[in-house]
Number of protein chains: 2
Amino acid sequence: MLAARLSFSQGFPLSSYIRLALDAMGGDHGPKSVIPGAALALEARPDLRFTFFGDAKDIQPYLNEYPALMAASDVVHTDVAIASDDKPAAALRRGRQSSMRLAIDAAAEGRADCVVSAGNTGALMATAKLVFKCLQGIHRPAIASVLPSAKGRTVMLDLGANVQCDAENLVQFSILGACFARSVLKIERPTVGLLNIGSEDMKGHETLHEAAAVLQSAAFPGHFFGFVEGNDITAGTVDVVVTDGFTGNIALKTAEGVGRFITQVLKDELGASWLSKLGYALAAKAFKQAKKRFDHRVYNGGLFLGLNGICIKSHGSADAFAFSRAVLVAADMVTYGFNDLVAEQIEKLGIEPDFVSMPVPAVAEG
Amino acid sequence: MLAARLSFSQGFPLSSYIRLALDAMGGDHGPKSVIPGAALALEARPDLRFTFFGDAKDIQPYLNEYPALMAASDVVHTDVAIASDDKPAAALRRGRQSSMRLAIDAAAEGRADCVVSAGNTGALMATAKLVFKCLQGIHRPAIASVLPSAKGRTVMLDLGANVQCDAENLVQFSILGACFARSVLKIERPTVGLLNIGSEDMKGHETLHEAAAVLQSAAFPGHFFGFVEGNDITAGTVDVVVTDGFTGNIALKTAEGVGRFITQVLKDELGASWLSKLGYALAAKAFKQAKKRFDHRVYNGGLFLGLNGICIKSHGSADAFAFSRAVLVAADMVTYGFNDLVAEQIEKLGIEPDFVSMPVPAVAEG
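Residues numbered from 1 in each chain as written. Chains lettered and ligands numbered in written order. Predicted model: local features only at pLDDT ≥ 70, side-chain atom pairs only at ≥ 80, totals over all residues. Heavy atoms only, no water.

Novice: Please clarify how the packing of aromatic side chains should be interpreted in this entry.
Specialist: The relation between two aromatic rings is expressed through the spacing of the ring centres and the mutual angle of the planes. Summed over the entire model, instances satisfying the criterion amount to seven aromatic pairs over all chains. With centroids separated by 4.8 Å and ring planes inclined at 45°, the aromatic side chains of Tyr280 of chain A and Phe287 of chain A adopt a geometry described as tilted. Their ring planes at 0° and their centres at 6.2 Å tell us that Phe287 of chain A and Phe287 of chain B sit as a pair that is stacked. Residue Phe287 of chain A is found in helix α13 (residues 284-294), and its partner Phe287 of chain B is found in helix α13 (residues 284-294); the two belong to separate chains. Here Phe287 of chain A falls in the buried class, since its relative accessible area comes to 13%. Just above the ring of Tyr336 of chain A sits the side chain of Lys186 of chain A; from NZ or CZ to the centre is 3.5 Å. (Phe/Tyr/Trp six-rings, centres within 6.5 Å; stacked < 30°, edge-to-face > 60°. Helix = DSSP H or I, 4+ residues; strand = E, 2+ residues; numbered from the N terminus. Buried < 20%, exposed > 50% of the residue type's maximum accessible area, 1.4 Å probe, protein only. Lys NZ or Arg CZ within 6 Å of the ring centre and 35° of its normal.)

As structure tokens, this is what we get:
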């Protein structure tokens, strides 16, 4: 866990606790990943305190195995859990007593500093949006993720919360991404690029050009690089890649697919003869190191940015290690005052808060 | 070349020649790739006949090295060539005597059956569209490519010709892709998927739902699978992936970027110790085989589908082998009557030709 501590949790103030509300029932594994994940996070950051929401009789057996965690935790029992295939609207209507909703309520009511859930993305986003509302000056929240790149890490958003985005949305996403890169990833002057189909000024949608025009002249917590292309995501050309939720989701899933395809072909070919099997065995450490650099678990955590609250969506299939990473990202967002930085930057940009005219955004589900 | 012959050129009729108009000056290497590429293609298909358009004094020295090719070729001299950074509008205005334009004119006027150029994509598409016009019932041409997938090959379109697409465009692209898979790739009943951010019916843009509704009930040269996601492109879930040119271009470039990133990391890690270097050496054949499966040269050729003429855009950096693949794809499209099949299927679909109201499409450049 040393690497984790160094990369994410250096220099946090130990003077106060960070209180996390965890949905213990979300994801494929529920408490089986959530409790050991929280225990791992606590090892890395002893200043964390947890409240687990969910079925106490499912949670307790796992908690019993981690005395240190037990001493740092509360359990709030509920029988209700959102299923992975529940529609967001149904989750909102029928999920008022669900582990997910209660965890979000706890954060909204000041009993916790942030929420982490591995549950249903659509339900989590819809509930978080309803309960937290958007930050002043942010019209729609976005889903961001930290991806491995040739130069280190790239923040990308939106990954599916908003199928269609206007120029203002893209400008706000740029600020959200830059604030995350600056506060949590400690990149002092993050570079931001708008995803387009060419780096020339004349290409792509009108929306992109409008957003670029604003970003070029705006007071901005970083540097606006201009347009970037699909290959720039992994090249690490910029620290923050901004796009609409449709394009972002497709780019992310395409990248995952290519990774899986290459892995499979390498496996097939390396297993095809005894000589290559031997070669693979000798180079095992190199493959392990390479795998580590692509390990999505290290970057686990869909960041819901732009809400008046900190909410992290862990991958549904997250194991304990991956879940611990999501917990640590949430804790870092609190520690480093992510939302305060956003508020400050939005004010500098001179965007008027417009809650009254805030459109009801479409939510990606599943 | 046996593999090439088997996969692309089986069973072609030797009774007549296929006449190709080649832009000898396009791409990074000009005649240096084009002439040896044509020679390779001629080895695979002795029924090909070539006309090279370009600077005779640049072409002739290369041609002299291939007597068989020389015997099967003409050269049409011109001093003018489109530069890789020429804007499409400028290429149209000032490029009437360019090697690219003359090659297209030759095909349009019946002196050749198809055109291949490695030149500037935007200029080639704009010129081909102006000269060939669209096929009856097709509102806009699309750029397609054949990509490697876990199950073999996937045709994907549009890759950048049309930044925005309506439902009719997507339906027509589906037909173009299916006709290509059927006629050239010999997939009898190709499956077609619309790229979306979820496979459920309720997700994504309205345009996608409209297109899906038509495809579900249309007489169709294949089977409409429904929505697919980014990871389905390389998984080979469907034979044909259809999307707008903005999303398609970003997905393609993202995939290329991930491939490059993984290759670089593997290289770094495998070179990091003598043991892994040894392992790599022993498994060299496996890596070579794997690389072959991803070799974009085998799939070289941006297919301009939907034009009243056959036009293939070779990658600008194509070497002789890659250029030969583009030539063979063009020849196959002629041999297997791709455009006739499209016309037949469009008629079955009952789409009215509407040249009068045909919008002037935006062209991606570069």
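Continuing now.
Novice: How should the pairing of strand β7 (residues 191-195) of chain A be read in this particular structure?
Specialist: A regular strand places its side chains on the two faces of the sheet in alternate fashion. Residue and element names in this part refer to chain A. Most of β7 sits inside the fold, with five of its five residues counted as buried. Residues of β7 alternate between two faces, with Thr191, Gly193 and Leu195 on one and Val192 and Leu194 on the opposite face, all of them buried. Here β7 pairs with strand β8 (residues 223-228) via five bridges, running parallel. What sits directly across from Thr191, in β8, is His223. For β7 and strand β9 (residues 240-242), the ladder comprises three bridges, and the chain directions are parallel. (Pairing = 2+ DSSP bridges.)

Novice: What's the story with the sheet that holds strand β7 (residues 191-195) of chain B in this structure? I'm lost.
Specialist: Backbone-to-backbone hydrogen bonds pair the strands of a sheet. The strands run either parallel or antiparallel. All names here are of chain B. Strand order in the open sheet formed by 11 strands is β3-β2-β1-β4-β11-β10-β5-β6-β9-β7-β8, and the pairing between neighbours is mixed. Strand pairing shows two members of the sheet lacking a second neighbour, β3 (73-77) and β8 (223-228), which therefore form its edges. Going from strand to strand, the sheet's axes swing by 25° on average, the running direction of each strand aside. By the bridge criterion, three bridges tie strand β10 (residues 302-305) to strand β11 (residues 310-313) in an arrangement that is antiparallel. Following the sheet pairing, Phe304 is matched in β11 by Cys311. (Axes fitted to C-alpha atoms, helices over the stretch in contact; angles between N-to-C directions.)

Novice: So what exactly am I meant to see when it comes to the interface of chain A and chain B here?
Specialist: Many analyses report the size of an interface as the accessible area lost when the parts associate. Across the contact, 54 residues belong to chain A and 55 residues belong to chain B. Between chain A and chain B, roughly 4,900 Å² of surface is buried when both sides are summed, and carbon and sulfur atoms account for 75% of that area. Interface area lost by chain A to chain B is led by Ile197, Phe246 and Phe261 of chain A, which between them contribute 14%. Scanning the region where chain A abuts chain B turns up two salt bridges. Its salt-bridge partner being Lys253 of chain A, residue Glu229 of chain B comes within 2.4 Å of it at the nearest N-O pair. Linking chain A with chain B are six residue pairs in polar contact (both at pLDDT 80 or more), by the criterion used here. Elements with a contribution of two residues or more to the side of chain A that touches chain B: β5 (142-149), α10 (232-235), α11 (245-270), α12 (274-282) and α13 of chain A. Residue composition of the side of chain A that touches chain B, grouped by class: 27 nonpolar, 18 polar and nine charged. (Contact = heavy atoms within 4.5 Å. Buried area = accessible area lost by both parts, 1.4 Å probe. Salt bridge = Lys/Arg side-chain N within 4 Å of Asp/Glu carboxyl O. Polar contact = N/O pair within 3.5 Å; in protein donor to acceptor, adjacent residues only side chain to side chain. Nonpolar A, V, L, I, M, F, W, Y, C, P; charged D, E, K, R; others polar.)

Novice: What should I look at first to understand unusual backbone geometry in this one?
Specialist: Across the chain, the bulk of peptide bonds are trans and the bulk of non-glycine residues have phi less than zero. All names here are of chain A. Note that the residue after Leu157, namely Asp158, is joined by a cis bond; omega there is 0°. Tracing the backbone shows Asp158 in the loop between β6 (152-157) and α8 (167-183). Positioned with a positive phi, Lys133 is a non-glycine residue whose angle comes to about 65°. Its location among the elements puts Lys133 in the loop between α7 (121-132) and β5. Accessibility expressed as a relative area gives 44% for Lys133, which makes it partly exposed.

Novice: How should I be thinking about the packing of α8 of chain A against helix α15 (residues 338-349) of chain A in this particular structure?
Specialist: Two quantities define a packed helix pair, namely the angle between the axes and the distance from one axis to the other. Residues and elements named next belong to chain A. With their axes 9 Å apart at the nearest point, α8 and α15 run at an angle of 135° to one another. Between α8 and α15, the angle is such that the two are oblique. Pair α8 / α15 crosses with right-handed handedness. Here Val171, Ile175, Leu176, Cys179, Phe180, Arg182 and Ser183 of α8 lie close against α15, whose contacting residues are Phe338, Leu341, Val342, Gln345, Ile346 and Leu349. Here the residues of the contact of α8 with α15 sort into 10 nonpolar, two polar and one charged. (Parallel < 35°, antiparallel > 145°, perpendicular 65-115°, else oblique. Left-handed = near helix turned anticlockwise from the far one by under 90°.)

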